[in-house]
Amino acid sequence: MMEHPSDCCHKNITNVDNLLTLIKDIAKGQASELSDEATKKTCELQFKDATSLVTSSDLFDSLDKEVVKREVELRLAALETIAADGLLVKNHGIKNTYVPSSYEVLGLIFAQTNEKFRQTHLHKLLDFFYNELQVNLELNGSKLALSRSKFDFEVKTLLPLVKLEILHDLMESTTDNGRISELVSNITNFFNNPRMNQEDIYVVIKNKLGSNAFDLSSYELILMDQRNGHLGEYFQLYVDINRGGDDEKLNFFVKFLTPKAEYMKNFVKNGPSMKEDFFYLTYLPKLEEAGLGPLTEFAPRCYFSRVDDVLVLDDMSQDGFVGLTPNIKLEFDALKLAVQGLAKLHSCSIILEEILSQKEGSNVRLNEIYGPYLKEVAFQMDNEHLEMMQNTFEISILHCLSKFPEIAHQYSNEELAKNITKGFKIMLEKVKPSEKFRNVICHGDVYVSNMLFKFNDQAKCVDFKLIDFQILRYCPPTQDLLFFLYQNSLKSTLDLHLEELISDYYEVLSSCLAKYNVNINSIYTRETFDKCIEYMKSEGVFHALFYSPMQTIDPEKRERMAQSDAEMEKLFTDPLYLVNQGMEEEYYRKVMRGLCEHFIDLCDKGLL
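Residues numbered from 1 in each chain as written. Predicted model: local features only at pLDDT ≥ 70, side-chain atom pairs only at ≥ 80, totals over all residues. Heavy atoms only, no water.

### Brief notes about the overall build of the protein chain
So, step 1. Check the secondary structure of the protein chain and you find 22 helices and twelve strands.
So, step 2. For the protein chain, with 608 residues in total, the buried portion stands at 56%.
So, step 3. Nonlocal contacts in the protein chain, meaning residues at least 24 apart in sequence, comprise 75% of its contacts between residues at least 6 apart.
So, step 4. Accessible surface for the protein chain amounts to roughly 26,400 Å². Of this, 47% is attributable to carbon and sulfur atoms. (Helix = DSSP H or I, 4+ residues; strand = E, 2+ residues; numbered from the N terminus. Buried < 20%, exposed > 50% of the residue type's maximum accessible area, 1.4 Å probe, protein only. Contact = heavy atoms within 4.5 Å. Areas by Shrake-Rupley, 256 points an atom, 1.4 Å probe, with all protein chains shown as cover.)

### A short note on the environment of Val-204
So, step 1. Mapped onto the elements, Val-204 comes out in helix α8 (residues 198-209).
So, step 2. A sequence separation of 99 residues divides Val-204 from Tyr-303, and the C-alpha atoms of the two residues are 5.1 Å apart.
So, step 3. Each residue touching Val-204, except ones within four places of it in the same chain, is listed here: Met-196, Leu-237, Phe-252, Tyr-303, Phe-304 and Val-312.

### Looking at the packing of helix α10 (residues 272-289) against helix α11 (residues 332-360)
So, step 1. The geometry of α10 relative to α11 is characterised by a closest axis approach of 10 Å and an angle of 65 degrees between their N-to-C directions. Two packed elements cross with a definite hand, and for α10 against α11 that hand is left-handed. Residues Phe-279, Tyr-283, Lys-286 and Leu-287 of α10 form the contact with α11, whose participating residues are Leu-345, Cys-348, Ser-349 and Leu-352.
So, step 2. In the contact of α10 with α11, the residues fall into six nonpolar, one polar and one charged. (Axes fitted to C-alpha atoms, helices over the stretch in contact; angles between N-to-C directions. Left-handed = near helix turned anticlockwise from the far one by under 90°. Nonpolar A, V, L, I, M, F, W, Y, C, P; charged D, E, K, R; others polar.)

### Here's the deal with α10
So, step 1. Over its 18 residues, α10 extends 25 Å from the first C-alpha to the last, a length consistent with the 26 Å expected when each residue adds 1.5 Å.
So, step 2. By the largest-angle criterion, Phe-279 marks the main kink of α10, which is about 40 degrees.
So, step 3. Taken together, the buried positions of α10 are Pro-272, Ser-273, Lys-275, Glu-276, Asp-277, Phe-278, Phe-279, Tyr-280, Tyr-283, Leu-284 and Leu-287.
So, step 4. After α10 finishes, the residue Gly-291 shows a positive phi value of roughly 85 degrees. (Expected span 1.5 Å × (residues − 1). Bend = angle between axes of the 7 residues up to and from the residue.)

### Examining the pattern of salt bridges
So, step 1. Overall, the coordinates contain 35 salt bridges when judged by the stated rule.
So, step 2. With a shortest N-O distance of 3.4 Å, Lys-336 and Asp-504 are connected by a salt bridge. You can see Lys-336 sitting in helix α11 and its partner Asp-504 sitting in helix α17 (residues 491-515), a full 168 residues away along the chain.
So, step 3. Classification of Lys-336 as partly exposed rests on a relative accessible area of 28%.
So, step 4. Across the pair Lys-531 and Glu-527 runs a salt bridge whose closest N-O atoms are separated by 3.8 Å. Of this pair, Lys-531 and Glu-527 both sit in helix α18 (residues 526-551), four residues apart, roughly one helical turn.
So, step 5. We classify Lys-531 as partly exposed; its relative accessible area is 45%.
So, step 6. One salt-bridge network, in which partners are shared between bridges, spans Glu-406, Lys-491, Asp-495, Arg-593 and Glu-597. (Salt bridge = Lys/Arg side-chain N within 4 Å of Asp/Glu carboxyl O.)

### Observations concerning unusual backbone geometry
So, step 1. Of note in the backbone geometry, Asp-308 takes a positive phi value of approximately 65 degrees without being a glycine.
So, step 2. Counting through the fold element by element, Asp-308 comes out in the loop between β6 (302-306) and β7 (310-314).
So, step 3. With a phi angle near 60 degrees, Asn-517 is a residue other than glycine that sits in the positive phi range.
So, step 4. Its place among the elements puts Asn-517 in the loop between α17 and α18.
So, step 5. In this structure Asn-517 comes out as exposed when scored by relative accessible area, which is 76%.

### Let's talk about the packing of aromatic side chains
So, step 1. Under the criterion given, the structure shown has 28 aromatic pairs.
So, step 2. Note on Phe-252 and Tyr-303: the rings are 5.6 Å apart at their centroids and 75 degrees apart in plane angle, and the pair reads as edge-to-face. One end of the pair, Phe-252, is in strand β5 (residues 246-257); the other, Tyr-303, is in strand β6, with 51 residues separating them in the sequence.
So, step 3. Overall, Phe-252 belongs to the buried group, its relative accessible area being 0%.
So, step 4. Relative to Phe-469, the ring of Phe-279 lies with its centre 3.7 Å away and its plane at 10 degrees, an arrangement referred to as stacked. Of this pair, Phe-279 sits in helix α10 while Phe-469 sits in the loop between β11 (461-466) and β12 (473-475); the two residues are 190 residues apart in sequence, bridging distant segments of the chain.
So, step 5. You can call Phe-279 buried: its relative accessible area is 0%.
So, step 6. Its relative accessible area of 0% is what places Phe-469 among the buried residues.
So, step 7. By the ring-pair criterion, three or more aromatic residues cluster together here, those being Phe-379, Phe-393, Phe-424, Tyr-447, Phe-483, Phe-542, Phe-546, Tyr-547 and Phe-599.
So, step 8. Directly above the ring of Tyr-130 sits Arg-148, whose terminal nitrogen or CZ lies 5.0 Å from the centroid.
So, step 9. Against the face of Tyr-506 rests Arg-526, its NZ or CZ located 5.2 Å from the ring centre. (Phe/Tyr/Trp six-rings, centres within 6.5 Å; stacked < 30°, edge-to-face > 60°. Lys NZ or Arg CZ within 6 Å of the ring centre and 35° of its normal.)

Shown next, in the form of structure tokens:
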């Protein structure tokens, strides 16, 4: 049974001010204990009675009991992670035991309130507790800290377990069938859709509608077949609500970060989710606040984000948008819309800096404000892995060139290898902020699977969206532009349209800046922009060469590789493993030949 933090635990405290007072006292007390606690303890929560309740009670006959057991076991296992990484505090209900910091507050809130109250106030109360805990730890001079992402993980893990304990207590101590019924419904919804708590769904709906004035009828997560990325599983979220007496259906796209290969797990820990959370929940609102909302149509709306876990966006499929597999190369109409979208993304960065600079009376740059979110993650690795990656890259590109001897006959293998090494180093260097050219917040990962497209009945592209903002970086805008063009186009398309697409990008950038009274010539004259294009051309080609051996291969084969540690090991230890499989396909040969020709063009023009 759950021991509650106050003597009034069986009264309904539906007054927010009362709860805030109690929560403030809890945070103060915990901070004091944490400041004095020098060693970590073992988390003692077991939830055995609560689990037994679900598996034995006829209230939950509709549930698959094996699913219940598995999901509870997963959360109990997660408590071990919390005990290792989080902050444990004394459990005042059970002597000499320790619990996660959020446990006491969750117990208080669920013991004293009903479902409708929590729909409106739960997340505000949790935010208040987290902030109060941080303030009191600092006031006490404690060096301990609980990151927001770890706190959110605590809450996510504990919510279903706390609900079960509260339900257990209610069934023993009250005849309030209304509250019992609410919790049974909430818990049932969770075990039918265990990836998200019902409280998360409330936030999604509130952010979508801009109001808490709704009643949740039902929700369901449906796994999607499409999976172009390496880091996530994709779901559609279907929600039924009643608002003002009318039934409504809401649809969302949900991405869970669930990398399977150890390499990809380590990559996730390096910050991609934090970047995407920043982009949707900090950067886009900042742009809206600055009056730049009309320029942000390049991205879908976000309604919920939890770092390293989940992202909920508009379901763009409802408006006819589709995702393309990574090996697809775009036609001119899609390329044109995409470069216009990139121009809008980059213009937002410049305009916001100009607005902030005017307010401050001196130059303000976004990397000074948001530095941790703009640090490099894709090419940030230790020397051992960097050297391994460089060797693999050099050998694989040389192998590709050997398949097309007619395009590189004037260069020896030694000369080619030397230029490949130069190009690899250029690729790593030029994604960094430039001291010569104006930098912007770049998407950083503009290959076709990180975009959505809308086509008309004649298969012409009529709209475009950017998604997956996990590799944000701060560098010249031509990094996004040229990598996008070289990565997502056949050489035959670029031979016809490269200059036109570059000019179109510049015109849209200029037009966007002008709408907010920023003169393009104060940022990039056309001459300076062309120099920036020339400067970044080698990076764009090599970035595409770096991506394409994997992204151009058959999507099903690529997916199997990305999800297997054994396959990833082959990719790192056998430089020819991937290329040899790809070269069996004519389309793969065509794409790689075009990129090799771009590389030889760089050699011929002395751009390496």
